[in-house]
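Letter by letter, the chains look like this.
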Amino acid sequence: MAALLFGWSALPVVSYADDEVSTLRAELNALKQEHANQVSALEARIDEIEAEQRAAAALVTPANTPPANTARGGASAFNPAISMIITGNYANLSADPSTYRIAGFLPSGSEIGPGERSFNLNESELTVSANVDPYFFANVTASVTADNEIAIEEAYFRTLALQSSFTMKGGRFFSGLGYLNESHSHAWDFVNQPLVYQAFFDSQLAQDGLQVKWLAPTDTFLEFGAEAGNGDSFPGTRRNRNGLNSQALFTHVGGDIGDSTSWRAGLSWHNAHSDDRPYDDLDAFDASVVNAFTGTSRTWVVDALMKWAPHGNATRHQLKLQGEYMRRAEDGQLEFDTLGTNLSGDYRSHQSGWYVQGVYMFQPRWRIGARYDAMDSGNPSIALVQSGALSSSAFPALLSATPERFTIMLDWSPSEFSRLRAQYAWDEARLDERDRQFLLQYIYAIGAHGAHKF
Amino acid sequence: MKLFHSMLAMLLLIVALPAHAALKVLATTPEWGALTDELGGDKVNVYIATTAFQDVHRIDAKPSLIARARSADLVVAAGAQLEIGWLPVLLQESGNGKIQPGNPGYFEANANLQLLEVPSSVDRSLGDLHPLGNPHAHLDARNVAIVASALTARLAQIDAANAAFYQQRGEDFQNRWKAAIARWETQAAPLKGVGVVLIHRDQVYLCHWLGLKELAAIEPKPGVPPSAGYLAELVTKLAATPPQMILRNAYNDPKAAQWLAARVHAPVVLLPYSVGGTPEAKDLFSLFDDTINRLLGALP
């Protein structure tokens, strides 16, 4: 029945004129076209709204470009990483800083003591570094001092990847001995170095030479290093001789204890030769004289460091404990009054020093710290004194002493790139006078992101 | 001399040992470490440098990590400068040529993704900005799939002998992940348009994926903790559009979030952020299961 009805109703359509069909077709096409236009208009509108939303939310998504490729091109594409660190302080010192001396130790140089009084611009440190090519990395750190001098702190190349985890470094670099020696001053937890670093290495040992390091393929960190240099850095001197005037060997071991604690410990040895290493002193009649040491200085360093943070998350609380012990033997000739009397005799000493310090972050951005320094000059054997040629008062700088210092500090780091610090120290490095030192310090870093060294 | 010979032999033994073991992978974060585990199975030995309780921006180049980087065949990093403070140091100190950037042994998850919040200009006065975009990209589950296929290809490239194994395992993962995404998107439908407050901008991808509406961030600028004044302003601002929840990750400082929660009468929802951040988030699948469950549980 339905089929019959359908057949009947269909029949008349067929009988319609051809032109009517084409009219209908045209109408249908027009409708289709209109629909398509509306759809594409709607699509366009949606795209537009989405783009607006993205812009409003400041979400800029580069079109089909992997993010790493966005900043390429131009002559500046190969610019090295550049960072600059500016530091300065205000110092309030109870004792005259020009009389500063670590009693009982052959004076090291200019890098000891708390610096000058009142406001001081400290060094401004400029670091430029980049990979040279597939084989080498290069780094230059220059410090500009307040008296408008430029000093190259470090300028070295380092291999990117030799075989079997050997790394070679050459040029001028801070020696890998101990723990603090490699750190630049802006990374220290106190304004100045421990006394033992000041006395034994004039604050820091730099080598102009070569360093080779090897990392053992173990899950526990185990590193061995050897260095050879020209000996220019205290306690050595340039000697106008071929060969190696300064050698260092060191090993470090480290690891984790659970999630919260990490540690590192090390043992280092350094040997340097010096020819006529001069120092200023007063003779028995308080007249200025220049004395000089010629011989070898051998130093052993033991270092240990531990960091603790709840779950290893150092954003809220962190405790950092560290200590280093150094022992130095010097053997050679001591010349008295090189510009006048010029007497010379054997000199031998066994001296030691150590520090321990703790720094605690008690809330985000705020840290408090304490450090204790102690030195023991021992009783150097001075042939000129033992033979009776001179009295011991002819060498006031070498009178037996046990300098010590206690330091506390509080610092506030608004961000990773700025730090303000207050520090107070009871310094008994001089033989007979206690120096109360109050220091306020600022450290600002601009440019490339600094490294979070352990 | 005998001693010297035996020492030399021991040294050679130590150096030769790792060659026979499974592929050694150092992953910087738990989520990408978990993904490497999913894709590599017993052919990889994954060491994860951080936990979900640590702020990955603020890690030191610890001795234990340098030791792992030294023997790694592959480093799997989040990238986009998330680890800028410490990963470059690890790579340098490791002396390991295989894992230097540009080599097959260095893999960055974010290099495969279109990152959100790429700043048009960077300046440190705007906080700790990442010039390449927001690097916390794994909380959009679709990104995990993209990274998974790139990582599968990389594993197959480095460990060619097991390429077929990785391909097959990768396909299996993709299928399970696709099904999981469909399930999560259905489950999370009620979350669409829900107003939330973030702490750091590390939940942005989650919001973007599930359609949560970020009303504000407790950090005024990335990495900058809020001042009391800023928080007070935030309370006033949020009075007009009250949030339904405040999202907090396992590693975030809870103080400011709790303070704000009491004033805007919205619960603080603790989210795992990464594998291991909550007891329930044991692997990548349960990380998202737990995240969505916790969000749904906080709906009024």
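Predicted, not measured: the structure shown is a model, and the values here were computed from it.

Q: An account of the pairing of strand 12 (residues 343–363) of chain A is requested, with residue identities and associated values reported.
A: Residue and element names in this part refer to chain A. Sheet analysis places strand 11 (residues 318–336) next to strand 12, joined by 19 bridges and oriented antiparallel. When the sheet's bridge partners are listed, Asp331 is paired in strand 12 with Arg348. In sequence, strand 11 turns back onto strand 12 through a hairpin of six residues, with Asp337 there showing a positive phi of about 55°. When strand 12 meets strand 14 (residues 381–382), the two strands line up antiparallel, connected through two bridges. Across the sheet, Arg348 pairs through a bridge with Ser381, a residue of strand 14. Hairpin connection, strand 12 to strand 13 (residues 366–376): the antiparallel pair is bridged by two residues, and Arg365 has positive phi, about 80°.

Q: So, the sheet that holds strand 1 (residues 23–27) of chain B: which residues are in play, and what are the values?
A: Residues and elements named next belong to chain B. Strands sit in the order 2-1-3-4 across an open sheet of four strands; the sheet is parallel. The sheet is open, and its two edges are formed by strand 2 (44–48) and strand 4 (106–108), each paired on a single side. Neighbouring strand axes in the sheet, compared pairwise and without regard to direction, differ in orientation by 20° on average. Inspection of the sheet shows strand 1 paired to strand 2 by five bridges, in the parallel sense. Each residue of the ladder has a partner; that of Ala27, found in strand 2, is Ile48.

Q: Go over the pairing of strand 2 (residues 118–131) of chain A with me, naming the residues and quoting the values.
A: For a regular strand, side chains alternate in direction, first toward one face of the sheet and then toward the other. Residues and elements named next belong to chain A. As paired strands, strand 1 (residues 81–93) and strand 2 are joined by ten bridges and run antiparallel to one another. Paired with Ala81 across the bridge in strand 2 is Ser129. Relative to strand 3 (residues 136–144), strand 2 runs antiparallel, the two sharing eight bridges. Along strand 3, the bridge assignment pairs Ala130 with Ala138. Here strand 2 folds back onto strand 3, and the loop between the two strands holds four residues.

Q: An account of the packing of aromatic side chains is needed here, citing residue identities and associated values.
A: If you walk through the whole model with that rule in mind, you get 25 aromatic pairs over all chains. Here the aromatic rings of A:Phe166 and A:Trp214 are separated by 6.1 Å at their centres, their planes lie at 35°, and the arrangement is tilted. Here the residue A:Phe166 occupies a position in strand 5 (residues 166–174), and A:Trp214 occupies one in strand 6 (residues 206–215), the gap between them amounting to 48 residues. With relative accessibility at 36%, the residue A:Phe166 sits in the partly exposed group. On the basis of relative accessibility, which here comes to 14%, the residue A:Trp214 falls in the buried class. With centroids separated by 6.4 Å and ring planes inclined at 45°, the aromatic side chains of B:Trp184 and B:Phe285 adopt a geometry described as tilted. Of this pair, B:Trp184 sits in helix 6 (residues 163–187) while B:Phe285 is found in helix 10 (residues 284–297), placing the two residues 101 residues apart along the sequence. One aromatic cluster is present, formed by B:Phe173, B:Trp177, B:Trp184, B:Trp209, B:Phe285 and B:Phe288 through successive ring pairs. One residue, A:Arg371, lies across the ring of A:Phe190, its end atom 4.6 Å from the ring centre.

Q: Explain the sheet that holds strand 7 (residues 245–249) of chain B to me, using residue names and the numbers behind them.
A: Residue and element names in this part refer to chain B. Reading across from one edge, 6-5-7-8 is the order of the four strands in this open sheet, with parallel pairing throughout. Pairing within the sheet leaves two strands with one partner each, and these edge strands are strand 6 (213–217) and strand 8 (268–271). Neighbour to neighbour, the strand axes of the sheet diverge by 35° on average, direction disregarded. Pairing of strand 7 with strand 8, which is carried by four bridges, proceeds in the parallel orientation. By the bridge assignment, Arg248 is partnered in strand 8 with Leu270. Against the sheet, helix 9 (residues 255–264) makes contact with strand 5 (195–198), strand 7 and strand 8, and its axis sits at roughly 170° relative to strand 7, the strand it touches most. Those strands touched by helix 10 are strand 7 and strand 8, and its axis lies near 170° from that of strand 8.

Q: Please provide a residue-by-residue account of the environment of A:Gln386, values included.
A: Relative to the elements of secondary structure, A:Gln386 occurs in helix 4 (residues 383–386). Residue class for A:Gln386 comes out exposed when judged on its relative accessible area of 60%.

Reading the values: rules and limits
Residues numbered from 1 in each chain as written. Chains lettered and ligands numbered in written order. Predicted model: local features only at pLDDT ≥ 70, side-chain atom pairs only at ≥ 80, totals over all residues. Heavy atoms only, no water. Pairing = 2+ DSSP bridges. Helix = DSSP H or I, 4+ residues; strand = E, 2+ residues; numbered from the N terminus. Axes fitted to C-alpha atoms, helices over the stretch in contact; angles between N-to-C directions. Phe/Tyr/Trp six-rings, centres within 6.5 Å; stacked < 30°, edge-to-face > 60°. Buried < 20%, exposed > 50% of the residue type's maximum accessible area, 1.4 Å probe, protein only. Lys NZ or Arg CZ within 6 Å of the ring centre and 35° of its normal. Contact = heavy atoms within 4.5 Å.

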